[in-house]
Amino acid sequence: MAGPEVLISGEEVAKHNTRESCWIIVHGKVYDVTDFLPEHPGGMKIILKYAGKDATEEYDPIHPPDAITANLPPEKHLGAIDPGTVTQVVKEVTQEEVDRQRRHERKPPLDEILNLHDFEAIARAVMPEKGWAYYSSAADDEITHRENHLAYHRIWFRPRILRDVAKVDWSTTILGQKSSMPVYITATALGKLGHPDGELNLTRAAGKFGVIQMIPTLASCSFDELVDAALEGQTQFMQLYVNKDRAITKRIVQHAEARGIKGLFITVDAPQLGRREKDMRMKFEDTGSAVQNETGEKVNKNEGAARAISSFIDPGLSWKDIPWFQSITKMPIILKGVQCWEDAVMAAEAGLQGVVLSNHGGRQLDFARSGIEILVEVVSALRERNLFPNPNFQIFVDGGVRRATDVLKAIALGATAVGVGRPFIYAYSAYGQEGVERCISILNDEFEMNMRLIGAPTIKDVVPAMVDASSIAVHVSNVPEDRLYHANYESMQRSELRNG
Ligand code: PPY
């Protein structure tokens, strides 16, 4: 064991503010990152901005807490900062930031939030712009992102009547685990860009309401923090980005299993990150510090928050790796990001436990089809091969789900459950944990009413004959702009948010 920790003064740290000697402070510890600069996945520019200073605030949202200790050799851990000696980095508070905080203070109370769209409208007005850009961005022209929601508009109900719906129950079982609704909180990265407690907001609300959370590989909170925050018996799944270094992947997977994770969702639609231009533009505007400009380092304008940290993901991942995953874990394995029936059939034949039909929230391939459209062809192909229905091979859908009616359409068409991502993170970005709780309550209210209205007392009663999805693959509709809707529908608009 090392002896007592060395105390270093802020004045001393401040001297090491160059490319030749670069120290930074993170969570009260001083690190010499000079040699690490060229290796930093996010580029050296961003570190140099904090050379000789406390980088904690910038570091926190986009790194798991142990990133620095895990990547720097022990001799570069110089000691603890002498408290009170660090000159605080005085951040220039822009007028935009003042306006944003004002909007945050004046946002409407939660009981005025009536649906999941409302959270998005409020988040857009009150979130820090980097967080908004990262969460809301999608690939290229964002056509797939919009299609994800629009595709649900092409499915209509065929309700049944006189079915005794005095009591309705929308609880279900997902991969053998109880869930209070056929919805799980899907993985989304960098949770602290929206709120200081990051993904913990989701864990806590999910625990209270019996909803399953999928923990992302790239959470801002550490994996263990999120598992520790779960209640006794609370179910969590894990989303996995496969590292080029399989030893790291093996360690992550086996640790997850040991900590009680009940399903491993391997992301298969991101061999390279898509271009999310809203996110990329954020870096454009970052001119950096004087030190950086001296180094002449070229800013990589193709990197937003996401691309900057994606280099560890293995684009060589292939079907050949599947038996290896099956050999290292007993958790159910589900492929997340399947986009056609051929791959769904291959997954079933490979002995996997399911697929998520998903285009990654429209963030990867633009013009990828929506999960709900893919569901129709997948179920039909699996049925033809006697692979559906099969409790040991479950089908999930995500992308664009904003209403319980969307969920019920997916269930009718054969999905076990659907993943919801952005609405939950918008909810906590604006309102913290209570926002997530309100989001879940709204879905509960919508389930109750809509189950009654379609005549389905339980989830098992939500069957294919309850929907007409015959237009699902028709991508071009000749319906002109819906003027009636635009003229009459009152979306939530508060004058204080509108006027800043
Ligand atoms: C995404 O942004 O869509 C993600 O899936 C998260 C992510 C973040 C950073 C690198 C790779 C993936």
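Provided above is the structure to which this section pertains.
Below, the structure is looked at part by part. Residue positions are given per chain, counting from 1 as you read along its sequence in written order. For a predicted model such as this one, the threshold for reporting local features is a pLDDT of at least 70, and the threshold for listing and counting side-chain atom pairs is 80 or more; totals across whole chains, interfaces and linings nevertheless cover every residue. By convention in this description, side-chain values take in all heavy atoms of the structure and omit both hydrogens and water.

## Considerations on the site of the ligand
Logical step 1: Inspection of the region around the ligand gives 12 residues, with Tyr134, Tyr241, Arg276, His360 and Arg363 positioned closest.
Logical step 2: Whenever two N or O atoms come within 3.5 Å, that pair is a polar contact, provided that in protein one can donate a hydrogen and the other can accept it, and provided that, for residues adjacent in sequence, both atoms are side-chain atoms. With respect to the ligand, the side chain of Tyr241 contributes an N or O atom lying 2.4 Å from an oxygen atom.
Logical step 3: Side-chain polar atom of Arg363 to an oxygen atom of the ligand: 2.9 Å apart, as the coordinates give it.
Logical step 4: Per-residue and other accessible areas follow the Shrake-Rupley method at a 1.4 Å probe size, with only the shown protein chains counted as cover for residues. Computed on the free molecule, the ligand has an accessible area of 310 Å², of which 95% lies beneath the protein chains in the complex.
Logical step 5: When its residues are assigned to classes, the shell around the ligand shows 8 nonpolar, 2 polar and 2 charged. The near set for a molecule or strand comprises every residue that places at least one heavy atom within 4 Å of it. Classification used: nonpolar for Ala, Val, Leu, Ile, Met, Phe, Trp, Tyr, Cys and Pro, charged for Asp, Glu, Lys and Arg, polar for all others including Gly.

## Some remarks on the sheet that holds strand S2 (residues 23-26)
Logical step 1: In this description, strands pair whenever DSSP reports at least two bridges between them. Secondary structure follows DSSP: runs of H or I at least 4 residues long count as helices, runs of E at least 2 residues long count as strands, and numbering of each begins at the N terminus. Read from one edge to the other, the open sheet built from 5 strands follows the order S1-S5-S3-S2-S4, with strand pairing classed as mixed. The open sheet has two edge strands with one neighbour each: strand S1 (7-8) and strand S4 (53-54).
Logical step 2: Relative to S4, S2 runs parallel, the two sharing 2 bridges. Its bridge partner lying in S4, Ile25 is registered against Asp54.

## With respect to unusual backbone geometry
Logical step 1: Cis geometry is adopted by the peptide bond preceding Pro389, which originates at Phe388 and carries an omega value of -5°.
Logical step 2: Following the sequence through the fold, Pro389 ends up in the loop between helix H17 (371-384) and strand S15 (394-398).
Logical step 3: With a phi close to 55°, Leu190 is a non-glycine residue in the positive phi region.
Logical step 4: Residue position: Leu190 is located in the loop between strand S9 (183-185) and helix H9 (200-209).
Logical step 5: Although it is not a glycine, Asn386 adopts a positive phi angle of roughly 60°.
Logical step 6: Position of Asn386 among the secondary structure elements: in the loop between H17 and S15.

Interpretation in functional terms is not warranted from these geometric data alone.
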